[in-house]
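# Remarks on the overall topology
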Amino acid sequence: MMLSTAHVHHVLATCWELPFMPYVHFCVLTSVRFDIYRKVPKDLTQPTYTGAIISICCCLFILFLFLSELTGFITTEVVNELYVDDPDKDSGGKIDVSLNISLPNLHCELVGLDIQDEMGRHEVGHIDNSMKIPLNNGAGCRFEGQFSINKVPGNFHVSTHSATAQPQNPDMTHVIHKLSFGDTLQVQNVHGAFNALGGADRLTSNPLASHDYILKIVPTVYEDKSGKQRYSYQYTVANKEYVAYSHTGRIIPAIWFRYDLSPITVKYTERRQPLYRFITTICAIIGGTFTVAGILDSCIFTASEAWKKIQLGKMH
């Protein structure tokens, strides 16, 4: 409740008999002097139509900026950074791979997955966590597999190498539905190459040609607001197509995925604007808008008053 100076004097005059009242009177008057928001009586102010229009526009502008800032404050922001490190040290030096590929002109009993790398791993006909689905009444095959690779340069390839008998003319035309590494990230604010080969169509290529996909794998970390981290991998890809002959002179095509890891890690972090920054921005919006509007109103009012005096001078 705001007390005017006259009201304070009246109260003090009424209670002056009390021995401690002079001290209270001194304290109140002293504290009143610290008021930096001095009040101007309404009798000394003059409303104008221009001021009313500017005030309405000012309030609407403040409301618009406030809602914009509020939306930004509520919305989660995703920022990214780069650094050199192996983020998923608890993985045991392994990367999970998910492969889904269709070969519409190759029987399932001929399709196999081979894995090899620079650590000496050489596995022919990998079958763990894999599934073969016949296509085109058994004439084709869809291979779906999940396996792990070491964090060293190497390759895995789909071929007929593990078949008991090699076909005369293997047809390696294919469609890659999915090739991803690590955890699957389904985040709207992150647009990365997590499945860069998804949708690759090589159905019109040479049936006897081998395909080389050279992958550069980039470790990726996603950290949500709670601090939970998920580890995935993006990758870039280049490819070439060629006809390869074995030492016996036969053509044995294959679909090669040759990979190498980048030492650079990409990290995405969910963040929200701090409350203090939101409050600071709102104060700046309100104070700045009212200040600029006040200057504009003062200029218009001064100009209109000067114009009125000029008109009065012309009349006299």
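Throughout this description, residue numbers start from 1 for each chain and increase along the sequence as written. pLDDT decides what is reported in this predicted model: residues at 70 or higher carry local features, side-chain atom pairs at 80 or more are listed and counted, and totals for whole chains, interfaces and linings draw on all residues regardless. With hydrogens and water set aside, each side-chain value is computed from the structure's full complement of heavy atoms.

We now examine helix H3 (residues 49–74). Counting along an α-helix, one turn takes 3.6 residues, and residues three or four places apart therefore face a common direction. Starting at the N terminus, helices and strands are each numbered in turn, a helix being any DSSP run of H or I of at least four residues and a strand any DSSP run of E of at least two. Expected span, for any helix, means 1.5 Å times one less than how many residues it has. The end-to-end C-alpha distance of H3, which contains 26 residues, comes to 38 Å, matching closely the 38 Å that a straight helix rising 1.5 Å per residue would cover. Relative accessibility thresholds used throughout: buried, under 20% of the residue-type maximum; exposed, over 50%; partly exposed, between the two (1.4 Å probe, protein chains only). Turning to H3, its buried residues are Gly51, Ile54, Cys58 and Ile62.

Take unusual backbone geometry next. Despite not being glycine, Asn136 has its phi angle at roughly 55°, a positive value. Mapped onto the elements, Asn136 comes out in the loop between strand E5 (130–135) and strand E6 (140–150). Even without a glycine there, the phi angle at Asn137 is positive, about 60°. Its place among the elements puts Asn137 in the loop between E5 and E6.

All right, on to the UniProt feature "transmembrane region" (unreviewed entry) in the chain then. Mapped onto the present numbering, the UniProt feature "transmembrane region" (unreviewed entry) falls on residues 48–67 and 275–296. Between the C-alpha atoms that bound residues 275–296 the distance is 31 Å, and the span itself is 100% helix and 0% strand. UniProt positions are given in the numbering used here, feature names are shortened, and annotations may be inferred rather than shown by experiment.

Here the focus is the packing of aromatic side chains. Only the six-membered ring of Trp is used, alongside the rings of Phe and Tyr, when aromatic pairs are assigned; centres must lie within 6.5 Å, and planes under 30 degrees apart are stacked while those over 60 apart are edge-to-face, with the rest tilted. The tally for this structure, following the rule as stated, stands at seven aromatic pairs. Measuring from ring centre to ring centre gives 4.7 Å for Phe73 and Phe278, while their planes differ by 25°; the resulting arrangement is stacked. Taken together, the residues Phe73 in helix H3 and Phe278 in helix H4 (residues 275–315) connect sequence positions 205 residues apart. With 6.1 Å between their ring centres and 35° between their planes, Phe156 and Tyr259 make a pair best called tilted. Placement of Phe156 in strand E7 (residues 154–159) and of Tyr259 in strand E12 (residues 254–261) is noted, with a sequence separation of 103 residues between them. Each of the two residues, Phe156 as well as Tyr259, counts as buried. Each ring is checked for a lysine NZ or an arginine CZ that lies within 6 Å of its centre and within 35 degrees of its normal; such an atom marks a charge sitting over the ring. Over the aromatic face of Tyr242 sits the side chain of Lys240, whose NZ or CZ is 5.6 Å from the ring centroid. The residue whose ring lies beneath Arg258 is Trp256, and the NZ or CZ to ring-centre distance is 4.4 Å.

Moving on, we get to a nonpolar patch on the surface. A residue counts toward a patch only above 30% relative accessible area and without a salt bridge, and it is joined to like-charged neighbours within 9 Å or, for Val, Leu, Ile, Met, Phe, Trp and Tyr, to nonpolar neighbours within 5 Å. Residue-level accessible areas treat just the shown protein chains as cover; the underlying method is Shrake-Rupley with a 1.4 Å probe. Here, a salt bridge means any Lys or Arg side-chain nitrogen found within 4 Å of an Asp or Glu carboxyl oxygen. A surface patch of nonpolar side chains, about 260 Å² in accessible area, is lined by Leu63, Phe66 and Leu67. By the element assignment, Phe66 lies in helix H3.

Turning next to the nonpolar core. Only buried residues count toward a nonpolar core. Its members are Ala, Val, Leu, Ile, Met, Phe, Trp, Tyr and Cys residues joined through side-chain atoms within 4.5 Å. In this structure, Phe156, Leu179, Phe181 and Phe257 are the most contacted members of the largest nonpolar core, which totals 33 residues. Taken together, the elements giving at least two residues each to this core come down to strand E2 (94–103), strand E3 (112–117), E6, E7, strand E8 (175–182), strand E10 (210–223), strand E11 (229–242) and E12. A total of five residues in this core trace back to one element, the largest contributor, which is E2. Those residues in contact with Phe156 that lie beyond four places of it in its chain are Val97, Leu113, Asp114, Ile115, Phe147, Ile149, Leu179, Phe181, Ile255, Trp256, Phe257 and Tyr259. Residues Leu185, Val187, Val190 and Val218 belong to the second largest nonpolar core, which totals eight residues. Contacts between residues were defined by any pair of non-hydrogen atoms, one from each residue, lying within 4.5 Å.

Turning next to the state of the cysteines. Working definition: a disulfide is two cysteine sulfur atoms within 2.5 Å of each other. Within this structure, the stated rule accounts for one disulfide. A sulfur-sulfur separation of 2.4 Å characterises the disulfide bridge that pairs Cys108 with Cys141. Torsion about the S-S bond of the Cys108 and Cys141 cystine: about 100°, corresponding to right-handed handedness. On the criterion of sequence distance, the pair formed by Cys108 in the loop between E2 and E3 and Cys141 in strand E6 is long-range, its members being 33 residues apart. Given a relative accessible area of 13%, Cys108 falls into the buried group. In this structure Cys58 is a free cysteine whose sulfur lies 5.5 Å from that of Cys59, the closest cysteine sulfur available.

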